[in-house]
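# Summary of the model geometry
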Amino acid sequence: RYQVERREVPLPPDDLVADRYQRAVEFLAQSGYDHYEISNYARDNQRCRHNLAYWLQRDYIAFGPAAVGTIGSLRYKNEPDIFRYVKNLAVNKLPVADEEEVTSPKRLIESIMLSLRLSSGLNTDILKSEFGYDISEVRRSLIDGLKSAGDIIEEHDHLLLTAKGMFRADMVASALLPDFV
């Protein structure tokens with residue numbers, strides 16, 4: 001990374017990166033790996049439960065300096081400085097440096113952004129029942145455009161990224177966010 005920033009090593013062309021990525025995807029699929037998340041593959045259902053906790057918005061506890069945890073609607077970050085972190089623990093004090101409430105609007109945004117990363121996709125019925133956001137209606141013309149462009153497919157109550165859409169996942173997810181963002 002630093003060599004690229006200092007222009008000592010050039011980045012390969014985007015077409016080459018895309019070609020190599022596609023070959024890797026095909027190789028992994030042929031080798032029995034399940035592409036269950038944009039940047040993760042697993043064999044025999046050995047998915048990373050830790051990462052899935054993020055994508056599925058489950059509770060997770062932070063251990064270590066600068067680690068982030070979420071419990072219910074509270075998200076917290078541990079002290080990033082190792083010396084202060086250890087000092088707090090030495091006096092039986094939690095080493096929490098920052099806290100925030102994960103509000104319903106924020107959780108809605110995160111639901112859209114994070115669930116699209118998964119091969120199971122974005123469950124539109126859950127958005128409607130949990131947040132009152134009928135994405136299929138509110139973003140219908142956009143969804144149809146993304147389908148026409150080959151970025152997503154719509155299956156029953158799910159929106160799923162295509163292989164092409166995975167390259168543009170952030171753009172697709174951002175486009176589907178509610179207007180209040």
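As a reminder, the structure under discussion sits directly above these lines.
Residues numbered from 1 in each chain as written. Predicted model: local features only at pLDDT ≥ 70, side-chain atom pairs only at ≥ 80, totals over all residues. Heavy atoms only, no water.

### A short note on the environment of Asp98
Put simply, the test is: The helix count covers DSSP runs of H or I at least four residues long, the strand count covers runs of E at least two residues long, and both are numbered beginning at the N terminus. By definition in these notes, contact holds between two residues if any of their heavy atoms fall within 4.5 Å.
Mapped onto the elements of the fold, Asp98 is located in strand β5 (residues 96–101). A C-alpha to C-alpha distance of 13 Å links Asp98 and Asp81, two positions 17 residues apart in sequence. Other than its neighbours up to four places away in sequence, Asp98 contacts Arg75, Tyr76 and Lys77.

### Considering the pattern of salt bridges
Any two side chains of opposite charge can pair, given that their charged atoms come close. To be explicit about the condition: Salt-bridge detection follows one rule: a side-chain nitrogen of Lys or Arg within 4 Å of a carboxyl oxygen of Asp or Glu. Classification of residues uses two cut-offs on accessible area relative to the type maximum, computed with a 1.4 Å probe and protein chains only: under 20% is buried, over 50% is exposed, and between them is partly exposed.
Going through the model one piece at a time under the given rule, you end up with 14 salt bridges. Notably, a salt bridge pairs Asp19 with Arg23, separated by 3.6 Å at the nearest N-O pair. Linking Asp19 with Arg23, this pair stays in helix α2 (residues 14–30), spanning 4 residues, or about one helical turn. For Asp19, a relative accessible area of 37% puts it in the partly exposed group. Its salt-bridge partner being Asp151, residue Arg168 comes within 2.7 Å of it at the nearest N-O pair. Separated by 17 residues along the polypeptide, Arg168 in the loop between α9 (163–167) and α10 (169–176) and Asp151 in the loop between α8 (140–148) and β7 (152–155) bring together distant segments of the chain.

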